[in-house]
Amino acid sequence: MHGLYLALASMTAQQTLATAGRSTVPLIASAIIADIGVDAALVGVYLAIQSVAGFLTTMGCGGFILRYGALRMTQVGMAALGLGLASVTTGLLPMLALGAFVGGLGQAISTPSSSHLLGRLAPPRIAPLVFSIKQTGVPAGLMLAFIFPMAGRLADKIPASTMIIGGLLLFSAGFALMCQADVNTTFWSLVGMIMISRLGLGFINPSLNASSLKAVPPDKVRQGAGVANFMRQLGGAFGINLMVAFFESRTRFHADALTATQDWGNFTSTRLLTLVEQLMSQAKGLPLQQQKAGAFEYLGTMIEMKAQMLAFSDTFIVVGIVGLVALIPAAMLSRSQRRSMRLAWK
């Protein structure tokens, strides 16, 4: 058991560092955009490159893990992630793309390596708890740090399909609430919405990991861990790209729809332009032409922000619907588990 505890501590730290490295650039994207003066849409391109790299790595890293070992591949992955982040610090667009690809390659090795190592060392009766503790290394918020160990204990007593179905319902409910958020939503209200979706993820991940490895013979655990993580990365790669494309499309749609309502017959917009011109005249003493130009620019910024807010709402709705669609395979898993239990009882 000493080896298991050491491996669990190491893999938890590895998950924390891998997720921190993957999330660093998107989290500080606003500062990077302001510093080097690039289009904000390139954040989506960065994530897309990172996801494609992760997809390719997950698809091919199983053989390397079997040949060189999980620990060695973890070291290679962490080194690649560090090189990717170092490339980003140059501020050059080609180096940003290279950093996204190299960092994505490195980060994607972390989950297959840790799953392979822990799946080999953890006794079957405590495997869900071990995977839950390991997943707390993913810093998805304080909620997950509390819920993963509890979910691991529940997964030992409650059928995995029940945990997954409950988690999917909470996940979809969280995004259904988030689609109602706007600029007037308070910070703690938004935190509560996110905590609901994270609570759902906390129920899903441990049961999903344990179920995927229980379904394969002991001598196929390595391949099972690789396939499970490959499918997760594949879904993530497609999901991020589709969500970015959908968000951009809906932003343009709402921007065009809102712009079409801005004419001189719109009393609210006309009144806003007049008030902004008066404020600019009183505060800065600008000439009339600059007042008008500034007022129109301010109105355009408001329309852009409103269009993005509506696009985010649409995207949250789609993510919630996808969570509900995932109930179908979860129900099939539930049916399969009940059939297996009946056969085992007979």
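1. Some details on the pattern of salt bridges
A side chain of one charge can pair with a side chain of the opposite charge when the charged atoms of the two come close.
Next up, step 1: Tallying each qualifying case throughout the model produces 2 salt bridges.
Next up, step 2: One salt bridge connects Arg250 with Asp314, and the closest N-O pair in it is separated by 2.9 Å. Residue Arg250 is located in helix 11 (residues 221-259), and its partner Asp314 is located in helix 13 (residues 288-325); the two are separated by 64 residues in the primary sequence.
Next up, step 3: Its salt-bridge partner being Glu277, residue Lys292 comes within 3.8 Å of it at the nearest N-O pair. On the criterion of sequence distance, the pair formed by Lys292 in helix 13 and Glu277 in helix 12 (residues 267-284) is long-range, its members being 15 residues apart.

2. Side note on a nonpolar patch on the surface
Next up, step 1: A surface patch of nonpolar side chains, amounting to about 490 Å² of accessible area, comprises Ile317, Ile321, Val325, Ile328 and Met332.
Next up, step 2: For the nonpolar patch, the elements supplying multiple residues, two or more each, are helix 13 and helix 14 (327-345).
Next up, step 3: By residue number, the principal contributor to the nonpolar patch is helix 13, which donates 3 residues.
Next up, step 4: Within the element layout of this structure, Ile321 appears in helix 13.
Next up, step 5: In this structure Ile321 comes out as partly exposed when scored by relative accessible area, which is 47%.

3. Structural notes on the environment of Cys179
Next up, step 1: Relative to the helices and strands, Cys179 is located in the loop between helix 9 (160-178) and helix 10 (187-214).
Next up, step 2: Taking the C-alpha atoms as reference points, Cys179 and Phe312, separated by 133 residues in sequence, lie 7.3 Å from one another.
Next up, step 3: If sequence neighbours within four positions are ignored, Cys179 has contacts with Ser313, Phe316 and Ile317.

4. Re the confidence of the model for the protein chain
Next up, step 1: The predicted model of the protein chain has a mean per-residue pLDDT of 75, with 72% of residues at 70 or higher.
Next up, step 2: Across the protein chain, element-level confidence peaks in helix 13 with a mean pLDDT of 86 and bottoms out in helix 7 (residues 127-135) with 53.

5. Observations regarding the packing of helix 9 against helix 13
Next up, step 1: Put simply, helix 9 and helix 13 touch, their axes get as near as 8 Å, and they point 165 degrees apart. It follows that helix 9 is roughly antiparallel to helix 13 by the angle criterion. Classified by chirality, the crossing of helix 13 by helix 9 is left-handed. Residue-level contacts link Leu168, Leu169, Phe171, Ser172, Phe175 and Met178 of helix 9 to Phe316, Val319, Gly320, Gly323 and Leu324 of helix 13.
Next up, step 2: In terms of residue class, the contact of helix 9 with helix 13 is made up of 8 nonpolar, 3 polar and no charged.

6. Here's the deal with helix 9
Next up, step 1: In this model, helix 9 (19 residues) spans 27 Å end to end at C-alpha, consistent with the 27 Å of a helix rising 1.5 Å per residue.
Next up, step 2: Along helix 9, the positions that sit buried rather than exposed are Ala160, Ser161, Met163, Ile164, Gly167, Leu168, Phe171, Ser172, Gly174, Phe175 and Met178. The arc enclosing the buried residues of helix 9, seen along the axis, measures out at 160 degrees, which places them on a common side.

7. Some points on the packing of aromatic side chains
Next up, step 1: Under the defined criterion, the tally for this structure stands at 5 aromatic pairs.
Next up, step 2: Relative to Phe316, the ring of Phe175 has its centre 5.8 Å away and its plane inclined at 50 degrees; by these criteria the two rings are tilted. Remark: Phe316 occurs in helix 13 and Phe175 occurs in helix 9; sequence separation between them is 141 residues.
Next up, step 3: Ring centres 4.4 Å apart and planes at 45 degrees place the aromatic pair Phe247 and Phe312 in the tilted group. Residue Phe247 is located in helix 11, and its partner Phe312 is located in helix 13; the two are separated by 65 residues in the primary sequence.
Next up, step 4: Classification of Phe247 by relative accessible area gives buried; the value is 16%.
Next up, step 5: With a relative accessible area of 42%, Phe312 lands in the partly exposed category.
Next up, step 6: Taken together, Phe171, Phe175, Phe247, Phe312 and Phe316 form an aromatic cluster joined through their ring pairs.

8. Some words on the environment of Lys292
Next up, step 1: A relative accessible area of 32% places Lys292 in the partly exposed class.
Next up, step 2: For the pair Lys292 and Met280, spaced 12 residues apart in sequence, the C-alpha separation works out to 9.3 Å.

9. A word on helix 5 (residues 93-108)
Next up, step 1: For helix 5, with 16 residues, the first-to-last C-alpha span of 22 Å sits near the 22 Å given by 1.5 Å per residue.
Next up, step 2: Taken as a whole, helix 5 has its buried residues at Leu96, Gly99, Ala100, Gly103, Gly104, Gly106, Gln107 and Ala108.

10. So, the packing of helix 4 (residues 70-88) against helix 5
Next up, step 1: Two elements in contact, helix 4 and helix 5, have axes separated by 7 Å at closest approach and are oriented at 165 degrees. In this view, helix 4 runs roughly antiparallel relative to helix 5, as classed from their interaxial angle. With respect to the hand of their crossing, helix 4 and helix 5 are arranged in left-handed fashion. Contacts between helix 4 and helix 5 pair Gly77, Ala80, Leu81, Leu83, Gly84, Ser87 and Val88 from the former with Met95, Leu96, Gly99, Val102, Gly103, Gly106 and Gln107 from the latter.
Next up, step 2: Grouping the amino acids of the contact of helix 4 with helix 5 by side-chain chemistry returns 7 nonpolar, 7 polar and no charged.

Calculation criteria
- Residues numbered from 1 in each chain as written.
- Predicted model: local features only at pLDDT ≥ 70, side-chain atom pairs only at ≥ 80, totals over all residues.
- Heavy atoms only, no water.
- Salt bridge = Lys/Arg side-chain N within 4 Å of Asp/Glu carboxyl O.
- Helix = DSSP H or I, 4+ residues; strand = E, 2+ residues; numbered from the N terminus.
- Patch = residues over 30% accessible without salt bridge, like charges linked within 9 Å, V, L, I, M, F, W, Y side chains within 5 Å.
- Areas by Shrake-Rupley, 256 points an atom, 1.4 Å probe, with all protein chains shown as cover.
- Buried < 20%, exposed > 50% of the residue type's maximum accessible area, 1.4 Å probe, protein only.
- Contact = heavy atoms within 4.5 Å.
- pLDDT = per-residue confidence, 0-100.
- Axes fitted to C-alpha atoms, helices over the stretch in contact; angles between N-to-C directions.
- Parallel < 35°, antiparallel > 145°, perpendicular 65-115°, else oblique.
- Left-handed = near helix turned anticlockwise from the far one by under 90°.
- Nonpolar A, V, L, I, M, F, W, Y, C, P; charged D, E, K, R; others polar.
- Expected span 1.5 Å × (residues − 1).
- Arc of directions from axis to C-beta.
- Phe/Tyr/Trp six-rings, centres within 6.5 Å; stacked < 30°, edge-to-face > 60°.

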